[in-house]
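As a plain string of letters, each chain reads:
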Amino acid sequence: MAAHTTESSSPPVPGRRLPALLLLLGIPLALIGGLASCVASETGHLPGDSMERVWDTPYDRPAAEYGNAAWATGDTVVRSRFDAVTAFDAGTGRRRWEYAVSGRAEICTTGTAASDGIALIGLTDDKGCATVAALDLKDGRELWRTGRRPGSEDAKDHFDVIATGAGLAVLRDVDERRGEVPEAGMAPVLPTERTLRALDLRTGAPRWAAAVPQGCLPRRVAVGTRQVLAALECGTEAKLAAFDPSDGTERWTVPLGARRPVAANSSLSFVSAEPTVLKVQEPSPHGVQAYVAFGPDGARQGQIDDVRDDAAVADGKLFVAGGGVAAYDLTSGDKVWSTRLGTWRNVTAMHVGGGRVTLFTRSRKGLDELYVHDWSTGEAVDERTFDRDTDDGNTDLAGLFRHDGLLIAVRRDDGAHRPFSAYRTW
């Protein structure tokens, strides 16, 4: 007798096939998501790894080669150009005030830094760059103006000839024409005790006139809290002198060169007044091309033979940027740390402050990049990629400010780009 068997069929268990289904759907979704993230990152649109533009200032017509500067004070950013000084709210980009130059005069020079919310500008007249005015950056009000002897140099070479600090406005007030007997129609050379003078920064009242060493003329000036500095041309040699900010008494005068004198016609500019760092570039191919640091007593300290376009001083170090950033000890001149950005990347602006070195860079893909480093160790703190507008890139920046979580790019005023743009991380 054949055995009878009953074949039972169990109903399908709900959810048994769900993991497999999810796996089948998840793989392509993950691939798509990964691809999207990769594309967003490569194009500067990945949240958490990018920057967004918060505000822009309006376009303006092209500026001249001189009279250009930018200052940040409190919650205001200010830019100068040959025909006006304009201030904007650092948080919103709205215009706050504008100081327009009267008539056909032009702004021919500016103080590199503002002090106590006051900036200095030089104005042209029929004698050249012969007037200095002080502006209150809070409201654009002109506080005072005074005349100066402009010298014979071209207007676009007027830099580091007026400076602020320690409650002073310091002017290089000199006629550079040589010879005891002036040529026909030429004014006599100013005596050395009238070539460098200081005024009260807020009122313009005269404070002192310094007696520059005999046979020397000031080329560049800078002001720290403890001393006034002047790069001098002394015959065929360039020197550095310091003066007491209270009365203009000479404290010391020292040569710039370690082994041999630095040529008097060298390019000189102050990177920092306190501590004192001077950028020295001799015209000869084998001449000095370096940043030179000096102690408070004029003692020569570190020489850093790494001259680049962007440099700043903080925390006892010199930071220089180019294809990366490097930090050097001012006392010894030794390199503390350095970073490289890789091929086809260049630093377009640097900000040093608050324990951080912040860089804007440009890659060959046309993207902007942000790099933030700890200024003590060089360790990377933040890196981001962000897209730029086709008409407003950051290829050639004039500066970079920080304000309340914003990074404010300062562009060269060529008429093709907005003077200021603010960014924040997202």
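Our structure is the block above this text.
Notes on the structure in this doc start here. (Residues numbered from 1 in each chain as written. Predicted model: local features only at pLDDT ≥ 70, side-chain atom pairs only at ≥ 80, totals over all residues. Heavy atoms only, no water.)

1. Considering the packing of aromatic side chains
Here comes step 1: All chains considered together, the criterion is met by six aromatic pairs.
Here comes step 2: Measuring from centroid to centroid gives 6.2 Å for phenylalanine 319 and tryptophan 337, while their planes differ by 50 degrees, and the two rings are tilted. With phenylalanine 319 in strand S24 (residues 317–321) and tryptophan 337 in strand S26 (residues 335–340), the pair connects residues that are 18 residues apart, well separated along the chain.
Here comes step 3: On the basis of an interplanar angle of 80 degrees and a centroid distance of 5.8 Å, the ring pair of phenylalanine 360 and tyrosine 423 is categorised as edge-to-face. (Phe/Tyr/Trp six-rings, centres within 6.5 Å; stacked < 30°, edge-to-face > 60°. Helix = DSSP H or I, 4+ residues; strand = E, 2+ residues; numbered from the N terminus.)

2. Some words on the state of the cysteines
Here comes step 1: Enumeration over the complete set of coordinates arrives at two disulfides.
Here comes step 2: The side chain of cysteine 108 participates in a disulfide bridge whose partner is cysteine 129; the two sulfur atoms lie 1.9 Å from each other. A torsion of 80 degrees about the S-S bond marks the disulfide between cysteine 108 and cysteine 129 as right-handed. On the criterion of sequence distance, the pair formed by cysteine 108 in strand S6 (residues 107–110) and cysteine 129 in strand S8 (residues 128–136) is long-range, its members being 21 residues apart. (Disulfide = S-S within 2.5 Å.)

3. Some points on the sheet that holds strand S5 (residues 95–100)
Here comes step 1: The sheet built from four strands is open, its strands ordered S2-S3-S4-S5 with antiparallel pairing. Looking at the sheet topology across the chains shown, the edges are occupied by strand S2 (69–73) and S5. Neighbouring strand axes in the sheet, compared pairwise and without regard to direction, differ in orientation by 15 degrees on average.
Here comes step 2: Pairing geometry for S2 and strand S3 (residues 76–81), over five bridges, is antiparallel. Of the residues in S3, the one forming a bridge with alanine 70 is arginine 79. (Pairing = 2+ DSSP bridges. Axes fitted to C-alpha atoms, helices over the stretch in contact; angles between N-to-C directions.)

4. Details of the pairing of strand S15 (residues 228–234)
Here comes step 1: The buried fraction of S15 is high, at seven of seven residues.
Here comes step 2: Of the two faces of S15, both are covered, the one formed by Val228, Ala230, Leu232 and Cys234 as well as the one formed by Leu229, Ala231 and Glu233.
Here comes step 3: Where strand S14 (residues 216–223) and S15 come together, seven bridges link them in antiparallel fashion. Each residue of the ladder has a partner; that of proline 218, found in S15, is leucine 232.
Here comes step 4: Connecting the antiparallel pair S14 and S15 is a turn made up of four residues.
Here comes step 5: Connecting S15 to the next strand, strand S16 (residues 237–243), in antiparallel fashion are two residues, including glycine 235 with a positive phi near 65 degrees. (Buried < 20%, exposed > 50% of the residue type's maximum accessible area, 1.4 Å probe, protein only.)

5. Describing the sheet that holds strand S22 (residues 300–304)
Here comes step 1: Taken in spatial order, the four strands make up an open sheet running S19-S20-S21-S22, and their pairing is antiparallel. Edge strands, defined here as strands with exactly one partner in the open sheet, are strand S19 (267–272) and S22. Averaged over all pairs of adjacent strands, the angle between strand axes in this sheet comes to 25 degrees, irrespective of strand direction.
Here comes step 2: Pairing between strand S20 (residues 276–281) and strand S21 (residues 289–294): six bridges, direction antiparallel. In the sheet register, leucine 278 faces S21, and the bridge partner there is valine 292.

6. Quick look at the environment of glycine 128
Here comes step 1: Tracing the backbone shows glycine 128 in strand S8.
Here comes step 2: Overall, glycine 128 belongs to the partly exposed group, its relative accessible area being 26%.
Here comes step 3: Glycine 128 sits 20 residues away from cysteine 108 along the chain, and the two C-alpha atoms are 8.7 Å apart.

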